[in-house]
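Architecture at a glance
Below are the chains, spelled out letter by letter.
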Amino acid sequence: MDEITVGKYTVRTDRYYTKEHEWALIRGNKAWIGITDYAQKELGDIVYVDLPSVGQTYESADTIANVESVKNVAPIYSPLSGTVVEVNQQLIDEPHLINESPYDDGWIAVIELSDPMEVEDLMPAQDYAELLVEIIKDEKGESISLELPEEEITPSVEESLEALPEEELPYEEKEK
């Protein structure tokens with residue numbers, strides 16, 4: 001798993017990001033959604049997660065969940081449009097998983113994409129990492145370095161679709 005290190009924050013190169021610090025991991029016509037390492041560290045200890053309902057449809061930038069920490073309550077915005085097909089039930093009893101593992105065990109929901117081309121509106125990992133450098137410089141007055149992996153790996157939508165087994169592809173994309 002390739003990562004970009006931005007000071008004390010980690011950015012995974014296999015997903016896309018929003019300026020509001022959400023991430024989307026695209027697999028075919030589904031997206032796993034969560035918050036970034038930067039977001040969870042800024043929030044502090046997470047004590048409650050208000051999860052979306054399976055079957056609920058969201059537009060890009062709609063509030064899909066709320067995360068309550070010891071500091072405040074923060075809305076989580078859907079990076080893409082779609083219908084929730086799964087939520088991370090573990091977060092009900094273990095909201096701290098977002099702090100411990102924001103990119104793995106701390107995912108919030110999975111949505112089935114209504115418009116996969118919206119991915120083009122999100123930032124690849126390197127762009128998000130560069131945004132973090134600017135945010136940290138502007139808000140904290142710190143100058144930090146950007147540590148890139150050996151080889152930049154940002155998946156394209158096409159690569160994500162090609163990596164899926166055929167049975168997981170939407171009907172119109174299956175080969176006949």
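Structural notes, computed from the coordinates.

Rules and cut-offs
Residues numbered from 1 in each chain as written. Predicted model: local features only at pLDDT ≥ 70, side-chain atom pairs only at ≥ 80, totals over all residues. Heavy atoms only, no water. Pairing = 2+ DSSP bridges. Helix = DSSP H or I, 4+ residues; strand = E, 2+ residues; numbered from the N terminus. Axes fitted to C-alpha atoms, helices over the stretch in contact; angles between N-to-C directions. Patch = residues over 30% accessible without salt bridge, like charges linked within 9 Å, V, L, I, M, F, W, Y side chains within 5 Å. Areas by Shrake-Rupley, 256 points an atom, 1.4 Å probe, with all protein chains shown as cover. Salt bridge = Lys/Arg side-chain N within 4 Å of Asp/Glu carboxyl O. Buried < 20%, exposed > 50% of the residue type's maximum accessible area, 1.4 Å probe, protein only. Lys, Arg positive; Asp, Glu negative; His and termini not counted. Charge placed at Lys NZ, Arg CZ, Asp CG, Glu CD. Expected span 1.5 Å × (residues − 1). Contact = heavy atoms within 4.5 Å.

This next bit is on the sheet that holds strand S6 (residues 46–50). Spatially, the three strands line up as an open sheet ordered S6-S8-S9, and their pairing is antiparallel. Every other strand in the sheet has two partners, leaving S6 and strand S9 (73–77) as the edge strands with one partner each. Taking each pair of neighbouring strands and ignoring which way they run, the sheet shows an average axis angle of 25°. Pairing of strand S8 (residues 63–69) with S9, which is carried by five bridges, proceeds in the antiparallel orientation. Residue pairing for S9: valine 67 is matched across the bridge by alanine 74.

On the surface, Val47, Tyr48 and Val70 cluster together into a nonpolar patch covering about 290 Å² of accessible area. The residue tyrosine 48 is located in strand S6 in this model. Residue tyrosine 48 is classed as partly exposed on the basis of its relative accessible area of 43%.

Turning next to a negative patch on the surface. Taken together, the side chains of Asp127, Glu130, Glu134, Asp138 and Glu139 make up a negatively charged region of the molecular surface. With respect to the helices and strands, the residue glutamate 139 is situated in helix H4 (residues 125–140). Look at glutamate 139 and you get exposed, because its relative accessible area is 60%.

This part takes up H4. Spanning 16 residues, H4 covers 21 Å between terminal C-alpha atoms, matching the ideal 22 Å at 1.5 Å per step. For H4, the set of buried residues is Ala125, Gln126, Tyr128, Ala129, Leu132, Val133, Ile135 and Ile136. Where H4 is buried, its residues meet strand S1 (3–6), strand S2 (9–12), strand S3 (16–17), helix H1 (37–43) and strand S12 (146–147). Looking one or two places after H4, you find glycine 141, whose phi comes out positive at around 70°.

Moving on, we come to the sheet that holds S3. In space, the six strands of this open sheet follow the order S3-S4-S5-S11-S10-S7, with antiparallel pairing throughout. Of all the strands in the sheet, just S3 and strand S7 (57–58) have a single pairing partner and so form its edges. Alignment of strand S4 (residues 22–27) against strand S5 (residues 30–35), held across six bridges, turns out to be antiparallel. Within S5, the residue paired with arginine 27 across the bridge is lysine 30.

Now for unusual backbone geometry. Residues other than glycine seldom take positive phi values, yet histidine 21 does so here, at roughly 80°. Assignment of secondary structure puts histidine 21 in the loop between S3 and S4. The class of histidine 21 is buried, set by a relative accessible area of 13%. Positive phi is not limited to glycine here, since alanine 61 has a value of about 80°.

This part is about the pairing of S5. In this structure, the hairpin formed by S4 and S5 is closed by a connection of two residues, where glycine 28 is found at a positive phi of approximately 65°. Inspection of the sheet shows S5 paired to strand S11 (residues 109–113) by four bridges, in the antiparallel sense. Paired with lysine 30 across the bridge in S11 is glutamate 112.

Here we come to the pairing of S8. Here S6 pairs with S8 via four bridges, running antiparallel. Residue pairing for S8: aspartate 50 is matched across the bridge by asparagine 66. Hairpin geometry of S8 and S9 is characterised by an intervening segment of three residues between the two adjacent antiparallel strands.

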